[in-house]
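A structural walkthrough
Single-letter residue listing:
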Amino acid sequence: MRGDNCTTHGRRLALALLGGTILGGMPAIAAAQDAGDADPDAPAVVAQPQSQIIRSIAITGAERLEPTTIISYISLRAGQPYSQAAADEAIKELYATELFSNATLRNDGGNVIIDVTENPVINRIILEGNKRIKNDKIVPEIKLAPRQIFTRSKVRADTARIIELYKRQGRFAATVEPKIVQLSQNRVDVVYEISEGPKSKVRQINIIGNEVFSDGALRGEMVTKQSRFTTFFSSNTSYDPDRLAFDQQKLRQFYLTEGYADFRVVSAVAELTPDKKDFIITYVVEEGERYKFGDVSVDSKIRDFDSDRMTSNLPMKSGDWYNAKAVEDTVEQLTELAGTFGYAFADVRPNFTRSKEDLTMEVAYIINEAPRVYVERIDVNGNTLTQDKVLRREFRLSEGDAFNSIGVKRSTNRIKSLGFFQENFEIEQKPGSQPDRIVLEANVEEQPTGELQLSAGFSSLESFILSGSIRQRNFRGRGQTLGASVNYSRFSRSANISFTEPYLFDRNISAGIDIYRRDFSNFGFSTANRNQTYEQATTGLSARVGVPLSEYMSLVGSYTLNYDDVSLGSDFFTTDANGNQVCDVIQSGRFLCDAIGKRTSSILGATLAFDNLDSRFRPTRGSSVSFSTEFAGLGGDVRYLRFRGKAAKYWNVFNGFIFSLTAEGGVINGFEDRGAGIDDVRLTDRFFLGEPQIRGFDIRGVGPRVLRQQIIADPESPDPNNPLPLVITERDQLLRDDAIGGNAYYLGRAELEIPLGSGARELGLRPSIFMDVGALFNVTTPILQQSPFPNGLVEQLRDGDGNLLFIDPDTGGATTDTVDDMGNPLDPANFQRATPFQEVFLGNTASPRVTVGIGVNWNSPFGPFRIDFAHALLKEEGDDIKKFSFNVGTQF
């Protein structure tokens, strides 16, 4: 006993940082022990006489808190007897508030004095060293905040939360060291120094106990992949505890699909390597025996269904290997079938009877009795911009209709195809006010529908490309589309304004109009250089109206009015005997001279289309078929009839692969007799084929074309004074290479899109392999030009008035006289109009051209990118092949 002057010491919270560790090796803030862990070296509370009464309680050291507030935290009160136990309890109660870093108590003759040191106030929370996880992801996980009271326990909890964030990203070597910076007025800055460390990969996946399937086959079923060079783009090589549990389920699903009903994962252990860089995962499995289906039956309690007929239509038969996935699919199909007949809440349950003696699994599908359900109400929620009617008109069910699961599914797909809402949109089905009532809820999240695009790119077809467009796909929230665009490149320029109303006058009739100007420069090749041949300027408008014929079929009618101006450059014109500018057939070719002029086209069209694709933007299943016809001749200067057809089919195969087949073809017939050697269909109205329709060929590289080949003297001629002609056929030495199009074509494509890991998918990479086949043909053989060997084409000069010129024998100059003074005829003043050449017509055949290759689509940050490498397996003489092509910054 030391009398009334004895001192009771509480625990002291140190603000210095020690080298200790908490939470998986993380440095921690040194602190006093908890209230229950007394320091053996600290002075104990000295026992006081039991009869001592507390006369007063005083508080010292408080800065922010009022003494009365501090006293309210403890149970010690004036008038109570003083005891050591009561003093200890008061100190514990003060520390329990986490407001004090130190507290002492002393009794001075019944006057109890409590001296406290308040915990500091946090001034700032500072994060240092975090690069992989930004502040906006970490700060919400931290419970401490500026102007709060600093406590050791909260710092420790925050440290653990930050480490857990990094563990979720697979960075198990991350460390967090909290530090305190003392400031004036009892304030501190809390600094979390973060060392992120490398991402922990899965080095090895070991499987023990598997005998039927190899380790490689089982690893292929798992989402987690081993870290290898081939998995560089995959994000599934990092360790994730949740993914580990999911992989166990994937293994079980795989074995159940193969008939191993007794399979189980005995254990799954993930071990972190000593350097904390990688994990080694070990699975121990028991495969068990393989089962076959025993008796399989359907027992329907719903009178509309015939149990015997449904049993006969089941996909599995007795004696087949047991497949749990087939059972799940059958349950889903039976449920959907019941929903089709209006039983929205049909309960389909498979009952299993396992026989371990003969290794069979009997399955009985029980369809429990359920009421036929009707749609009580359709609710639309979440649409702030889009009008209700835009969604409701896409529903294939109405309020009061009998429920139909196919109608619900179709309604979901139609709303998703609008492109106005979230991709994972689903119509929710909720019980109504009665057991036979159901409420359909469309809870939508609106997405931005306005598009403003300014892009520049480079194309192997047209060199530099500049484009700009603005489009609103949900104009005024009514589902209307309004857009404008301009494009500029070396060989084409265009401007377009368009408007589409999908439901005209709130009826299921679509209407739209386009107004446009398109300037197109055709080109040919001369000694491997691409040169402009003719220009076509088109100004026009197109109006269209569409009506649905069924859920998946529609009919669209259109009217197009075009004014075309086709012209040639000045190099392709010459002066006739009357001084008029006329098309020079030697320079341009007869087929180009026949194409020039100004004309109006009045075109009436119709398209019949079937489309049940699951997406208009990137389909993965379904098909589309369309047939269209155009008749030009309802007024105007052009008369023809054109037919086109196109079909596409998509399949989702091999767990993520997308296989597609596309076929199209067309034919055009002209109704103008334009003379011998001139096709009835004008050059600008014909079909053309090449890149990008059929990869592996250059643009307009397939089909009929006129090649102008130069003729030179053969250097190996036996008589140099009388040389033999030599035709130069090499493509890079041609004088001209002009595609003239065809009146019929066909085109087919088979393509397999290959799935990549999630990392590559996040980058927008979609590789594919493909085969293209096609041909362009059926055009009248044009009138070919030639310049005979050896002198070429010679023409007599004329003066400005069109008079023929002759050589004056006296002066050597030109004269209009035809004879000399003696009456002898003068030699004409000739010039070589063209060097020797010949024209050949090639490619006018329906024989198929076939190419194979690989390509990659990439939705890059600077625009869509497409690259293709193709090889021509079959081609015809005259075709222009091209192995490599790419497009950047334009849609494809």
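All of these numbers come straight from a predicted model, not from anything done at the bench.

1. Describing the overall build of the protein chain
Summing up its helical and strand segments, the protein chain has 13 helices and 45 strands in all. The burial tally for the protein chain puts 42% of its 892 residues in the buried class. Long-range contacts, defined as pairs at least 24 residues apart, comprise 62% of the intrachain contacts of the protein chain with a sequence gap of at least 6. Surface exposure of the protein chain reaches about 46200 Å², of which carbon and sulfur atoms provide 52%.

2. Section: the environment of Gln 52
Assignment of secondary structure puts Gln 52 in the loop between β3 (26-29) and β4 (56-60). Along the primary structure Gln 52 and Gly 109 are separated by 57 residues, whereas in three dimensions their C-alpha atoms are 8.0 Å apart.

3. Description of the packing of aromatic side chains
This model, assessed by the stated rule, comprises 17 aromatic pairs. Residues Phe 172 and Phe 279 carry aromatic rings whose centres are separated by 4.8 Å and whose planes lie at 75° to one another, so their mutual orientation is edge-to-face. A residue pair is termed long-range when its members are at least 10 positions apart, and Phe 172 in the loop between α4 (152-168) and β8 (175-183) and Phe 279 in strand β12 (residues 278-286) qualify at 107 residues. Each member of the pair Phe 172 and Phe 279 is classed as buried. Grouping aromatic residues by their ring pairs yields a cluster made of Phe 213, Phe 254, Tyr 255, Tyr 260 and Phe 263. One residue, Arg 290, lies across the ring of Trp 321, its end atom 3.9 Å from the ring centre. The residue whose ring lies beneath Arg 518 is Tyr 516, and the NZ or CZ to ring-centre distance is 4.0 Å.

4. With respect to unusual backbone geometry
A cis amide bond links Glu 691 with the next residue in sequence, Pro 692, at an omega value of 5°. The topology assignment puts Pro 692 in the loop between β31 (657-670) and β32 (705-713). Positive phi values are uncommon outside glycine, yet Glu 98 reaches one of about 60°.

5. Details of the pairing of strand β9 (residues 187-195)
Moving residue by residue along a regular strand, the side chains alternate between the two faces of the sheet. Pairing analysis gives 7 bridges linking strand β7 (residues 121-128) to β9, with the strands arranged parallel. Looking at the pairing, Ile 125 lines up with Val 190 of β9. In terms of strand pairing, β8 meets β9 through 9 bridges, oriented antiparallel. Opposite Ile 180, over in β9, you have Val 190 as the bridge partner. Count of turn residues in the β8/β9 antiparallel hairpin: 3 residues, of which Gln 185 carries a positive phi of about 60°.

6. Topic: the confidence of the model for the protein chain
In regions of low pLDDT, the predicted coordinates are not meant to be interpreted in detail. Looking at the protein chain as a whole, the pLDDT averages 83, with 87% of positions reaching at least 70. Mean pLDDT across the elements of the protein chain ranges from a minimum in strand β2 (residues 17-22), with 30, to a maximum in strand β35 (residues 744-753), with 96. Here residues 1-50 scores under 50 on pLDDT; set against residues more than four positions off or in separate chains, the count is 114 contacts.

7. Quick look at a nonpolar patch on the surface
Together, Val 545, Val 547, Leu 549, Leu 555, Leu 608 and Phe 627 line one region of the surface with nonpolar side chains, adding up to about 490 Å² of accessible area. Its place among the elements puts Leu 608 in strand β28 (residues 597-611). Leu 608 gets classed as partly exposed once you look at its relative accessible area, which sits at 34%.

8. Quick look at a negative patch on the surface
Among the surface-exposed residues, Asp 295, Glu 357, Asp 358 and Glu 362 lie close enough to one another that they form a single negatively charged patch. Relative to the elements of secondary structure, Asp 358 occurs in the loop between β14 (347-355) and β15 (360-368).

9. What to know about the environment of Pro 828
If you trace the backbone, Pro 828 turns up in the loop between β40 (814-815) and β41 (830-834). Sequence separation of Pro 828 and Leu 805 is 23 residues, and the distance between their C-alpha atoms is 6.3 Å.

10. Some remarks on the sheet that holds β12
Strand order in the open sheet formed by 3 strands is β10-β12-β11, with mixed pairing between adjacent strands. Edge positions in the sheet fall to β10 (201-208) and β11 (264-272), since each of these pairs with one other strand and no more. The average undirected angle you get between the axes of adjacent strands in this sheet is 15°. Alignment of β11 against β12, held across 8 bridges, turns out to be antiparallel. Note on β12: the bridge partner recorded for Ser 267 is Val 284. Against the sheet, helix α6 (residues 241-257) contacts β11 and β12, and its axis sits at roughly 30° relative to β12.

11. Notes on the sheet that holds strand β18 (residues 437-443)
Either a parallel or an antiparallel arrangement is found when strands of a sheet pair, and the pairing is made through backbone hydrogen bonds. What the 3 strands build is an open sheet, ordered β16-β18-β17; its pairing is mixed. If you trace the sheet from one side to the other, it starts and ends with β16 (374-381) and β17 (428-431), each paired once. On average, each strand axis in the sheet is inclined to that of its neighbour by 25°, with strand direction left out of account. Across 7 bridges, β16 lies against β18 in parallel orientation. The partner of Tyr 374 across the bridge, within β18, is Arg 437.

12. Description of the nonpolar core
Membership of the largest hydrophobic core comes to 24 residues, with the highest contact counts inside it found for Phe 293, Tyr 322, Tyr 365 and Ile 367. When residues of this core are traced back to their parent elements, those giving at least two are β13 (292-300), α8 (324-340) and β15. Sort the elements by how many residues they give to this core and α8 lands first, with 5 residues. Among residues more than four places away in sequence, those in contact with Ile 367 are Val 298, Asp 299, Ser 300, Lys 301, Ile 302, Phe 305, Met 310, Asp 347 and Val 348. Ranked by size, the runner-up nonpolar core spans 21 residues in total, among them Ala 344, Val 380, Val 390 and Phe 395.

13. So, a positive patch on the surface
Judged by side-chain charge, Lys 131, Arg 132, Lys 134 and Lys 199 come together as a positively charged surface patch. Counting through the fold element by element, Lys 199 comes out in the loop between β9 and β10. For Lys 199, a relative accessible area of 32% gives the class partly exposed.

14. Digging into α8
Here α8 is 17 residues long and its end C-alpha atoms lie 24 Å apart, about the 24 Å a rise of 1.5 Å per residue gives. Taken residue by residue, α8 has Ala 324, Val 327, Thr 330, Val 331, Leu 334, Ala 338 and Gly 339 as its buried positions. Those residues of α8 that are buried lie in contact with α6, β13, α7 (307-312), β14, β15 and α10 (405-417). N-cap assignment for α8: the residue whose side-chain oxygen lies 2.9 Å from the backbone N of Lys 325 is Asn 323. Phi for Gly 342, located one or two positions after α8, is positive at around 100°.

15. Section: the pattern of salt bridges
Tallied over the full model, the rule gives 39 salt bridges. Two residues, Arg 414 and Glu 394, come together in a salt bridge whose shortest N-O distance is 2.9 Å. Separated by 20 residues along the polypeptide, Arg 414 in helix α10 and Glu 394 in the loop between α9 (388-392) and α10 bring together distant segments of the chain. A relative accessible area of 17% places Arg 414 in the buried class. When salt bridges with common partners are traced through the structure, they connect Glu 394, Arg 396, Arg 410, Arg 414 and Glu 551 into a single cluster.

16. With respect to helix α2 (residues 84-96)
Along its 13 residues, α2 runs 18 Å from first to last C-alpha, staying within 8% of the 18 Å computed at 1.5 Å per residue. Listed in full, the buried residues belonging to α2 are Ala 87, Ala 90, Ile 91, Glu 93, Leu 94 and Tyr 95. A positive phi of about 60° marks Glu 98, the residue just after α2.

17. Quick word on the environment of Ile 603
Relative to the assigned elements, Ile 603 resides in strand β28. For Ile 603, the residues in contact, after removing those within four places along its chain, are Ser 558, Tyr 559, Thr 560, Asn 562, Glu 630, Phe 631, Ala 632 and Tyr 640.

The rules behind each value
- Residues numbered from 1 in each chain as written.
- Predicted model: local features only at pLDDT ≥ 70, side-chain atom pairs only at ≥ 80, totals over all residues.
- Heavy atoms only, no water.
- Helix = DSSP H or I, 4+ residues; strand = E, 2+ residues; numbered from the N terminus.
- Buried < 20%, exposed > 50% of the residue type's maximum accessible area, 1.4 Å probe, protein only.
- Contact = heavy atoms within 4.5 Å.
- Areas by Shrake-Rupley, 256 points an atom, 1.4 Å probe, with all protein chains shown as cover.
- Phe/Tyr/Trp six-rings, centres within 6.5 Å; stacked < 30°, edge-to-face > 60°.
- Lys NZ or Arg CZ within 6 Å of the ring centre and 35° of its normal.
- Pairing = 2+ DSSP bridges.
- pLDDT = per-residue confidence, 0-100.
- Patch = residues over 30% accessible without salt bridge, like charges linked within 9 Å, V, L, I, M, F, W, Y side chains within 5 Å.
- Salt bridge = Lys/Arg side-chain N within 4 Å of Asp/Glu carboxyl O.
- Lys, Arg positive; Asp, Glu negative; His and termini not counted.
- Charge placed at Lys NZ, Arg CZ, Asp CG, Glu CD.
- Axes fitted to C-alpha atoms, helices over the stretch in contact; angles between N-to-C directions.
- Core = buried A, V, L, I, M, F, W, Y, C linked by side-chain atoms within 4.5 Å.
- Expected span 1.5 Å × (residues − 1).
- Polar contact = N/O pair within 3.5 Å; in protein donor to acceptor, adjacent residues only side chain to side chain.

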